[in-house]
Amino acid sequence: MGFARTCSVALVGVDGVVVEVQADLEPGVAAFTLVGLPDKSLTESKDRVRAAVVNSGGEWPQKKLTVGLSPASVPKGGSGFDLAIACAALGASERIDPRVLADIVMIGELGLDGRVRPVRGVLPAVLAAAEAGYEQVVVPESAAAEASLVPGVSVLGVRSLRQLIAVLTDEPVPDEDPDEPGRTDPLAGLRMPGTGAATGMHSMGAAHHDHEHDLADVVGQLSARTAVEVAAAGGHHLFLEGPPGAGKTMLAERLPAILPRLGRSESLEVTAVHSVAGLLPPGKPLVDVAPYCAPHHSATMQALVGGGQGVARPGAVSLAHRGVLFLDETPEFSSRALDALRQPLESGHVVIARSAGVVRFPARFLMVLAANPCPCGRFSQRDTLCECSPSTIRRYQARLSGPLLDRVDLRVEVDRVTRAQLTERGARGESTQTVADRVREARARAAARLTDTPWRTNSEVPGRELRSRWFASPGAMDDAERSLERGVLTARGLDRVLRVAWTVADLAGHDRPGVADVTLALQLRTGVPRGVPMAIGASR
């Protein structure tokens, strides 16, 4: 009887569970049994592994082979266990010393010819292995850079099973031809159906926008530009309402470029989500800029918050983690899908329950909603171009529920651009770089104030903490508190006004919010003009 064991990782959402892959050989009729709660794709690994071993020059044992995946209570799926199963079987047949395999974590899919193919979720899998105390990891060569992001782990990238056998047995390592230049990217097959650049569910951050999108391209729209700057500085959600062609989408597309670059821990969080979804940019294992996700208004609830058949996959809210989620034509989204956003907006994560288990995805994003004032888009208090009836306008605007809008900090009406604004020469607004520098300084002030707390931006601070630890100037909140008494603001709305006021103060360089800062925050929150300039620092 021969026995060997090695390790792999099963992913549950973006969390990994180290799985011990055990192989046992007994005399008897040749058979291959796989146990331990595998799914269909994992069950098929039996044929892939057998062919890969034979085509790599190995001898498949003609005995009864049983492979167990422990713990058996954890659901396991995908092809990432192929490499561990093959090495465990070879260890049981004594082709490889079983003692060498015991403390190695192996992740990778095997082709029938023995090549090691990439799989989704390498980064979270290696993170789980490191947390469990493992120091050696074997991954496909194309994923070695991604796995190397985890400190304290020795990563071996291999092109084929033949190379791995040679390394483990101290034999000369054979050369394997790399993929031919110009051949289709092997990672393309890892992309989740229904995602990618065509749907807006992709990692497109500041590095992309710096070259093609600049805030200086936006004509006029001083109020909306100010709201975008405040949203970026404090991580506040934003609602832009205005006629078609006024610049709502232009502003949203330029928002990621003024967000600060992600820190190390934030980059690992974002990269882990995009790795599980199969959306890591080729040749760039670490996502260090704010992602941008803009799903179409026909997206389902599962596409927005995650889910799907079988193992739950991350949705748009998770792909936008630490970045921007832009919902253009928001009233055209289904009410069920929009209301599903309430929980992640408050908690910063999504919990999806399935029969196979509960999955938790991170979802702390900056949400930007854009909507027309009516179905035809021409409703305005200034003219009579709209052809929609009052009842039609009310039904259209009612598609955005009050509880969802109550979670939005900033509401701005984007006016129609005039001919004079479009034809005026030399009247460009501030560039993206100028605004980004101010945002970075404001975030630095907030981070210094929030030192030794679990929060880093003003939007994350609970209202009770703001009211008890960081106070506005005496009398600054009087107008906002009167709005609460009149029912204009809810208790949540009052807290959000105070958060926005702190962001305005950080941008203006004030030690704490004054009357002008709170008034501007109240104006941005309610959308009702209150006689203050819609420009940061204009009232200093």
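The model shown is predicted, which means the values in this text are computed figures rather than measured ones.

Caption draft 1: Spotlight on the overall build of the chain. The helix and strand tally for the chain stands at 23 helices and 17 strands. Taken over the C-alpha atoms alone, the chain extends approximately 85 × 50 × 45 Å along its principal axes. Here the chain, with 540 residues, has 50% of them falling under the buried criterion. Taken as a whole, the chain presents about 24000 Å² of accessible surface, with 50% of it coming from carbon and sulfur. If the 59 positive side-chain charges of the chain are averaged to one point and the 62 negative ones to another, these points end up 6 Å apart.

Caption draft 2: Region of the structure containing the pairing of strand β16 (residues 366-371). Summarising burial for β16: 6 of the 6 residues are buried, a large majority. Side chains of β16 alternate between two faces, with Leu366, Val368 and Ala370 and Met367, Leu369 and Ala371 buried alike. In this sheet, β16 lies alongside strand β11 (residues 238-241) in parallel orientation, the contact comprising 4 bridges. Considered in β16, the bridge of Glu241 is made with Ala371. The pairing of strand β13 (residues 324-327) with β16 spans 4 bridges and is classified as parallel. Counted as the bridge partner of Val324 is Leu366 from β16.

Caption draft 3: Inspection of the confidence of the model for the chain at higher detail. With 90% of its residues at a pLDDT of at least 70, the chain reaches an overall mean of 87. Confidence over residues 181-199 falls short of pLDDT 50; this stretch has 32 contacts with residues more than four positions distant or in other chains. A low-confidence stretch, residues 201-210 stays under pLDDT 50, and its non-local contacts, those more than four residues away or across chains, total 35 contacts.

Caption draft 4: Just the side chain of Asn458, in detail. Locating Asn458 in the fold gives a position in the loop between α19 (432-449) and α20 (463-469). A polar side-chain atom of Asn458 sits 2.9 Å from a polar atom in the side chain of Thr503. Discounting chain neighbours no more than four positions away, the residues touching Asn458 are Gly234, His236, Ala446, Arg449, Arg499, Trp502, Thr503 and Asp506.

Caption draft 5: Expanded view of helix α5 (residues 122-131). Counting buried positions along α5 gives 7 out of 10 residues, so the element sits mostly inside the fold. When we look at burial in α5, the residues that qualify are Val122, Leu123, Pro124, Ala125, Val126, Ala128 and Ala129. Looking at the buried residues of α5, the elements they touch are β1 (2-12), β2 (15-26), β5 (104-106), β8 (136-140), α6 (144-147) and α11 (264-277). Of the residues trailing α5, Gly133 is marked for its positive phi of about 100°.

Caption draft 6: Seen up close, the packing of aromatic side chains. Applying the stated rule across the entire model yields 1 aromatic pair. Relative to Trp60, the ring of Phe32 lies with its centre 5.5 Å away and its plane at 40°, an arrangement referred to as tilted. Linking Phe32 in strand β3 (residues 31-35) with Trp60 in the loop between α2 (45-55) and β4 (64-70), this pair joins segments that are 28 residues apart in sequence. With respect to class, Phe32 is no different from Trp60; both count as buried.

Caption draft 7: Structural context of the packing of helix α9 (residues 222-234) against helix α10 (residues 248-258). The geometry of α9 relative to α10 is characterised by a closest axis approach of 10 Å and an angle of 40° between their N-to-C directions. Considering their axes alone, α9 and α10 lie oblique with respect to each other. As for the relative orientation of α9 and α10, their crossing is right-handed in sense. Side by side, α9 and α10 meet where Ala224, Arg225, Val228, Glu229 and Ala232 of the first sit next to Leu251, Leu255 and Ile258 of the second. Taken together, the residues of the contact of α9 with α10 sort by class into 6 nonpolar, no polar and 2 charged.

Caption draft 8: Layout of the nonpolar core. Counting residues in each nonpolar core, the largest one holds 56 residues, and the members touching the most others are Val230, Leu238, Leu240, Leu255, Ile258, Val368 and Leu524. In terms of residue count, the dominant contributor to this core is helix α22 (residues 491-508) (9 residues). Aside from chain neighbours lying at most four places away, what touches Leu240 is Ala224, Lys248, Leu251, Val368, Leu369, Ala370, Ala371, Val412 and Val414. Listed in part, the 39 residues of the second largest apolar core include Val19, Leu69, Ala88 and Leu168.

Caption draft 9: Expanded view of unusual backbone geometry. A cis geometry characterises the amide bond from Ser70 onward to Pro71, with omega recorded as 5°. Its location among the elements puts Pro71 in the loop between β4 and α3 (82-92). One non-glycine residue with positive phi stands out, namely Asp170, at about 60°. Here Asp170 shows up in the loop between α7 (161-168) and β10 (201-202). The exposure class of Asp170 is exposed, given its relative accessible area of 74%.

Caption draft 10: Summary view of the pattern of salt bridges. Tallied over the entire structure, the rule returns 28 salt bridges. The partner of Asp406 in a salt bridge is Arg525, with the nearest N and O atoms 2.7 Å apart. Residue Asp406 is located in helix α17 (residues 402-406), and its partner Arg525 is located in helix α23 (residues 515-526); the two are separated by 119 residues in the primary sequence. This pair shows no difference in class: Asp406 is buried, exactly as Arg525 is. Salt bridges sharing partners connect three or more residues here, namely Glu346, Asp406, Arg407, Asp409, Arg492, Arg496 and Arg525.

Caption draft 11: Representation of the packing of α3 against α7. For the pair α3 and α7, the least separation of the axes is 12 Å and the interaxial angle reads 45°. On the basis of their axis angle, the class for α3 and α7 is oblique. As α3 packs across α7, the resulting crossing turns out to be right-handed. Contacts between α3 and α7 involve Leu83, Ala86, Cys87 and Leu90 from the first element and Leu161, Leu164, Ile165 and Leu168 from the second. Residues belonging to the contact of α3 with α7 are distributed by class as follows: 8 nonpolar, no polar and no charged.

Caption draft 12: Structural context of α9. With 13 residues, α9 extends 18 Å between its outermost C-alpha atoms, agreeing within 8% with the 18 Å of an ideal straight helix rising 1.5 Å per residue. Burial analysis of α9 places 11 of its 13 residues in the buried class, the great majority of the element. Within the sequence span of α9, burial applies to Ala224, Arg225, Thr226, Ala227, Val228, Glu229, Val230, Ala231, Ala232, Ala233 and Gly234. Immediately downstream of α9, the backbone of Gly235 shows phi near 70°, a positive value.

Parameters and conventions
- Residues numbered from 1 in each chain as written.
- Predicted model: local features only at pLDDT ≥ 70, side-chain atom pairs only at ≥ 80, totals over all residues.
- Heavy atoms only, no water.
- Helix = DSSP H or I, 4+ residues; strand = E, 2+ residues; numbered from the N terminus.
- Buried < 20%, exposed > 50% of the residue type's maximum accessible area, 1.4 Å probe, protein only.
- Areas by Shrake-Rupley, 256 points an atom, 1.4 Å probe, with all protein chains shown as cover.
- Lys, Arg positive; Asp, Glu negative; His and termini not counted.
- Charge placed at Lys NZ, Arg CZ, Asp CG, Glu CD.
- Pairing = 2+ DSSP bridges.
- pLDDT = per-residue confidence, 0-100.
- Contact = heavy atoms within 4.5 Å.
- Polar contact = N/O pair within 3.5 Å; in protein donor to acceptor, adjacent residues only side chain to side chain.
- Phe/Tyr/Trp six-rings, centres within 6.5 Å; stacked < 30°, edge-to-face > 60°.
- Axes fitted to C-alpha atoms, helices over the stretch in contact; angles between N-to-C directions.
- Parallel < 35°, antiparallel > 145°, perpendicular 65-115°, else oblique.
- Left-handed = near helix turned anticlockwise from the far one by under 90°.
- Nonpolar A, V, L, I, M, F, W, Y, C, P; charged D, E, K, R; others polar.
- Core = buried A, V, L, I, M, F, W, Y, C linked by side-chain atoms within 4.5 Å.
- Salt bridge = Lys/Arg side-chain N within 4 Å of Asp/Glu carboxyl O.
- Expected span 1.5 Å × (residues − 1).

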